[in-house]
Amino acid sequence: MELFLAITVGGLFAAGFYCLMLHSIVRIALGLVLLGSATNLLIFTINGLQRGFAPLVPEGQEALSPPFADPVPQAFILTAIVINFGLLALLLVLVHRAAQETGTDDTRALRTELKDSQR
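Everything numeric in this text was worked out from a predicted model, so none of it was measured.

### Overview of the overall build of the protein
Along the backbone of the protein there are four helices and zero strands. Traced from its N-terminal end to its C-terminal end, the protein shows the element sequence α-α-α-α. In terms of overall size, the protein is more extended than a compact globule, its C-alpha atoms giving a radius of gyration of 21 Å where 119 residues would be expected to give roughly 14 Å. Within the protein, counting contacts between residues at least 6 apart in sequence, those at least 24 apart form 56% of the total. Accessible surface computed for the protein: about 8600 Å², of which carbon and sulfur atoms make up 68%. Each charge class in the protein can be summarised by its mean position, and for the 7 positive and 9 negative side chains these summaries are 17 Å apart.

### Some points on the nonpolar core
Nonpolar side chains tend toward joint burial in soluble globular proteins. Membership of the largest hydrophobic core is limited to five residues, which are Ile25, Ala29, Leu91, Val95 and Leu110. Mapped by element, the contributors of at least two residues to this core are helix 2 (25–47) and helix 3 (71–102). Every residue in contact with Ala29, bar those within four places of it in the chain, is listed here: Leu88, Leu91 and Leu92.

### Comments concerning the packing of aromatic side chains
Throughout the structure, instances matching the rule amount to one aromatic pair. When the ring of Phe13 is compared with that of Phe17, the centres are 6.3 Å apart and the planes differ by 20°; the resulting orientation is stacked. A residue pair is termed a helical-turn pair when its members lie 3 or 4 positions apart in one helix, as Phe13 and Phe17 do in helix 1 (residues 2–20) at four residues.

### What about the side chain of Asn40?
Turning to its location among the elements, Asn40 is positioned in helix 2. Those residues in contact with Asn40 that sit more than four places away from it in its chain are Ile77, Ala80, Ile81 and Asn84.

### Some details on empty space enclosed by the protein
This model, assessed by the stated rule, comprises one cavity of 30 Å³ or more. Empty space within the largest cavity amounts to approximately 50 Å³. Considering the residues around the largest cavity, the lining is formed by Ala29, Leu32, Val33, Asn84, Leu87, Leu88 and Leu91. At the level of secondary structure, the elements contributing two or more residues to the lining of the largest cavity comprise helix 2 and helix 3. Taken together, the residues of the lining of the largest cavity sort by class into six nonpolar, one polar and no charged.

Conventions adopted
- Residues numbered from 1 in each chain as written.
- Predicted model: local features only at pLDDT ≥ 70, side-chain atom pairs only at ≥ 80, totals over all residues.
- Heavy atoms only, no water.
- Helix = DSSP H or I, 4+ residues; strand = E, 2+ residues; numbered from the N terminus.
- Rg over C-alpha atoms; globule rule 2.2 N^0.38 Å.
- Contact = heavy atoms within 4.5 Å.
- Areas by Shrake-Rupley, 256 points an atom, 1.4 Å probe, with all protein chains shown as cover.
- Lys, Arg positive; Asp, Glu negative; His and termini not counted.
- Charge placed at Lys NZ, Arg CZ, Asp CG, Glu CD.
- Core = buried A, V, L, I, M, F, W, Y, C linked by side-chain atoms within 4.5 Å.
- Buried < 20%, exposed > 50% of the residue type's maximum accessible area, 1.4 Å probe, protein only.
- Phe/Tyr/Trp six-rings, centres within 6.5 Å; stacked < 30°, edge-to-face > 60°.
- 1 Å grid on protein atoms, 1.4 Å probe; cavity = no way out; pocket = protein on both sides within 12 Å on 5 of 7 lines; lining within 4 Å.
- Points joined across faces, edges and corners; volume = space filled by probe spheres on them.
- Nonpolar A, V, L, I, M, F, W, Y, C, P; charged D, E, K, R; others polar.

The structure is reproduced here in structure tokens:
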């Protein structure tokens, strides 16, 4: 299962970096989403897969007995999902505003518009 997740993480990173190299701002936003998802899956994979061992202390005991799933990476992943969603929302608002002003989402055309407006 870890091999499948490693291949999936590699594919997501490759697709994310490919989308970042394209000239459309919407595809750049998609690339950032893919990179965020790949990072979350990488953290999840590094933690190791523990099935059926929740990090809960049983009644009458004061500590967990191994093996159990580490809750810290899960908390990091949940926090990263919220941050990625906020970043995507801000980016999409900026893309929408830039497309309204310039009529395009091509980064080459946006650079040309910026040079023309500075003259």
